[in-house]
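Listed below are the residues making up each chain.
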Amino acid sequence: MASQQLQAQTLPLSPGAQPRSWQQEVEGAWELGRRGVPLPRDPDWKALCERKPFERNLLQNPNPEGVNISEPAPHLPPNSPRVSLESLGNFSGWAISTEKLPPQEAGKKPCSEAPCFSWCVKQQQVDLLAEGLWEELLDSYQPNITVMDWYEDSRLAQTVYQLHVRLLAGDGQTPLREFHHEGPEHGASREEKNWCHVSHVFHGYGPGVRYVHFQHRTLNAETPGGLCRTRATDSSVSVQLRD
């Protein structure tokens, strides 16, 4: 009965328009029936329509520093002091930490005054059910889950970036599928703008996925001339229905 009442809810009408239910709106937007997508057990069509769980970036603040990948990464002025990353933009939603590296682990050639390297670690965990997806969809249909990121080839070392993405079970900890990347890859573009792109599509990952854990690590170096950073931007996690 509750499900029938939800299906009977209609959208606000413009003058002369025919009544259209929220369920019809969802079907018109995503063609769940044509794609053979199993429906939720107790659907709230209005909430599903408002959340727009497909083709939407599920990460918060994917470009926290407002960096434009169509332009070269901005240079830090000489003798730039270390400041908190949070002061450089809106990092709400990101958990941020720093991991210092011994000099030999950074892969930098010896020099008279070796820089101090560290990883800047930023991560988020996406709750797929809270974003509007549902168990029957994730367990049976298993829509594609696409992750993408852009990072600067700062040339501070051979490897200046790492991406670690895990699809997690309902406990939010058990990994069911993983993707890992280090960059820049051999032969990567050395264009003036120095931006590198990485992407991966999870598909056929099996039942039980409820969370996506997204972590990228960018290399920083404190040198006699100041702080040098590697930026990452336009990070994304999105879900797609197959045609």
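Residues numbered from 1 in each chain as written. Predicted model: local features only at pLDDT ≥ 70, side-chain atom pairs only at ≥ 80, totals over all residues. Heavy atoms only, no water.

1. Here's the deal with the nonpolar core
Leu 128 and Ile 145 are the most contacted members of the largest nonpolar core, which totals 50 residues. Take this core: its biggest share by element is five residues, from strand 2 (residues 116-127). Residues within four places of Leu 128 in sequence aside, it is in contact with Leu 58, Leu 133, Leu 138, Ile 145, Val 209, Arg 210, Tyr 211, Val 212 and Val 239. (Core = buried A, V, L, I, M, F, W, Y, C linked by side-chain atoms within 4.5 Å. Buried < 20%, exposed > 50% of the residue type's maximum accessible area, 1.4 Å probe, protein only. Helix = DSSP H or I, 4+ residues; strand = E, 2+ residues; numbered from the N terminus. Contact = heavy atoms within 4.5 Å.)

2. Comments concerning the pairing of strand 2
Consecutive side chains along a regular strand alternate between the two faces of the sheet. By the bridge criterion, six bridges tie strand 1 (residues 95-100) to strand 2 in an arrangement that is antiparallel. Considered in strand 2, the bridge of Glu 99 is made with Trp 119. As paired elements, strand 2 and strand 7 (residues 211-223) share 12 bridges and run antiparallel to each other. Along strand 7, the bridge assignment pairs Gln 123 with Gln 215. (Pairing = 2+ DSSP bridges.)

3. With respect to the pattern of salt bridges
As enumerated under the stated definition, the model contains 11 salt bridges in all. Between Glu 131 and Arg 56 there is a salt bridge, with its nearest N and O atoms 2.9 Å apart. With a gap of 75 residues between them, Glu 131 in the loop between strand 2 and helix 5 (135-141) and Arg 56 in the loop between helix 4 (45-51) and strand 1 connect regions that are remote in the sequence. For Glu 152, the salt bridge goes to Arg 231, with nearest N and O atoms at 3.6 Å. With Glu 152 in strand 3 (residues 144-152) and Arg 231 in the loop between strand 8 (226-228) and strand 9 (232-240), this pair connects stretches of sequence that are 79 residues apart. Across the pair, Arg 231 and Glu 152 agree in class, each one buried. Overlapping salt bridges, with partners in common, bring together Arg 41, Glu 135 and Glu 136 in one network. (Salt bridge = Lys/Arg side-chain N within 4 Å of Asp/Glu carboxyl O.)

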